[in-house]
Amino acid sequence: QVQLVESGGDLVQPGRSLTLSCAASGNIFSIYTMGWYRQAPGKQRELVATFTRGGTNRYAESVKGRFTISRDNANTVYLQMNSLAPEDTAVYHCHAEIRPDYVTTVMEYWGKGTLVTVSS
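Residues numbered from 1 in each chain as written. Predicted model: local features only at pLDDT ≥ 70, side-chain atom pairs only at ≥ 80, totals over all residues. Heavy atoms only, no water.

Engineer: Which residues make up the nonpolar core, and what values do they have?
Structural biologist: Core analysis: the largest hydrophobic core is formed by 30 residues, its most contacted members being L4, W36, L79, M81 and Y92. Those elements that place two or more of their residues in this core are β1 (2–7), β3 (18–26), β4 (28–39), β5 (46–51), β7 (67–71), β8 (76–81), β9 (90–100) and β11 (114–118). If we ignore the near neighbours within four places in the chain, the residues touching M81 are R16, S17, L18, L20, R66, F67, Y92 and V116. (Core = buried A, V, L, I, M, F, W, Y, C linked by side-chain atoms within 4.5 Å. Buried < 20%, exposed > 50% of the residue type's maximum accessible area, 1.4 Å probe, protein only. Helix = DSSP H or I, 4+ residues; strand = E, 2+ residues; numbered from the N terminus. Contact = heavy atoms within 4.5 Å.)

This is the structure we're talking about:
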C-alpha cells in the first residue's frame, strides 16, 4: 500500500502565507512525479504545482511568483503559498506517480486533500 497524506490547510487572511505538506509512505520503490492540485467549490480540479518526471517544476500561471514547490529526501513535498488571495480557496490534493515495490508498473495516487480558505 502507498499513501499520500496532506497537512497544513487552514483559514488565513488575504495576503498571508501558508505551507502545505504531503508525505508519501508505504511500499514505495520509486517516485516519478509528485505535486499539488486543487479543487475550488463548483470548479474542476486543476494543477497547482508539480515536480515532473524530468525533474523540473511546473506551475499554474495563476500561482507563478507566489507559490513554491519543494521536496526533501524523505518522500515529502511542500507547497509554500505566499500572497494568498480569496481565489486560492480550495481543497488542495497531493498527487504522485509512484512505482510500488510489489509491481513493475507506475501507479497514480491521490491524497484526500487539505482545505485552504482565504478570507478576511
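What follows picks up the thread again.
Engineer: Could you give an account of the side chain of R66, with specific residues and numbers?
Structural biologist: Considering the arrangement of structural elements, one finds R66 in the loop between β6 (57–59) and β7. A polar side-chain atom of R66 sits 3.0 Å from the main-chain carbonyl oxygen of S62. Residues within four places of R66 in sequence aside, it is in contact with Q80, M81, N82, S83, L84, A85 and D88. (Polar contact = N/O pair within 3.5 Å; in protein donor to acceptor, adjacent residues only side chain to side chain.)

Engineer: Tell me what's going on with the pairing of β8, and back it up with residues and numbers.
Structural biologist: Direction of pairing for β3 relative to β8: antiparallel, over a ladder of six bridges. Paired with T19 across the two strands is Q80, which belongs to β8. Of the strand pairs in this sheet, β7 and β8 are connected by five bridges, and their pairing is antiparallel. Opposite S70, over in β8, you have Y78 as the bridge partner. Where β7 folds back onto β8 in an antiparallel hairpin, the turn is made up of four residues, including N75, whose phi is positive at roughly 65°. (Pairing = 2+ DSSP bridges.)

Engineer: Got a sec to walk through the environment of A49? Specific residues and values, please.
Structural biologist: Within the secondary structure layout, A49 lies in strand β5. A49 gets classed as buried once you look at its relative accessible area, which sits at 0%. C-alpha separation for the pair A49 and H93, spaced 44 residues apart in sequence, amounts to 11 Å. Excluding its chain neighbours within four sequence positions, the residues that come into contact with A49 are G35, W36, R58, Y59, I69 and L79.

Engineer: Which residues make up the sheet that holds β1, and what values do they have?
Structural biologist: Spatially, four strands are ordered β1-β3-β8-β7 in an open sheet, and the strand pairing comes out antiparallel. Two strands close off the open sheet at either side, each with one partner strand: β1 and β7. Geometrically, the sheet is characterised by an average inter-axis angle of 15° between neighbouring strands, direction not taken into account. (Axes fitted to C-alpha atoms, helices over the stretch in contact; angles between N-to-C directions.)

Engineer: Please set out the state of the cysteines residue by residue, giving values where relevant.
Structural biologist: All told, the structure shown has one disulfide when counted by the stated rule. Covalent S-S linkage joins C22 and C94, the inter-sulfur distance amounting to 2.0 Å. Around the S-S axis, the bridge from C22 to C94 shows a dihedral of about -85° and counts as left-handed. Of this pair, C22 sits in strand β3 while C94 sits in strand β9; the two residues are 72 residues apart in sequence, bridging distant segments of the chain. Accessibility expressed as a relative area gives 0% for C22, which makes it buried. Assessed through its relative accessible area of 0%, C94 is described here as buried. (Disulfide = S-S within 2.5 Å.)

Engineer: Before we move on, can you summarise the pairing of β11 with the specific residues and values?
Structural biologist: Every second residue of β11 is oriented toward a common face, the buried set being T114, V116 and V118 and the non-buried set L115 and T117. With two bridges connecting them, strand β2 (residues 11–12) and β11 associate as parallel partners. The partner of V12 across the bridge, within β11, is V118. The sheet contact formed by β9 and β11 spans three bridges and is antiparallel.

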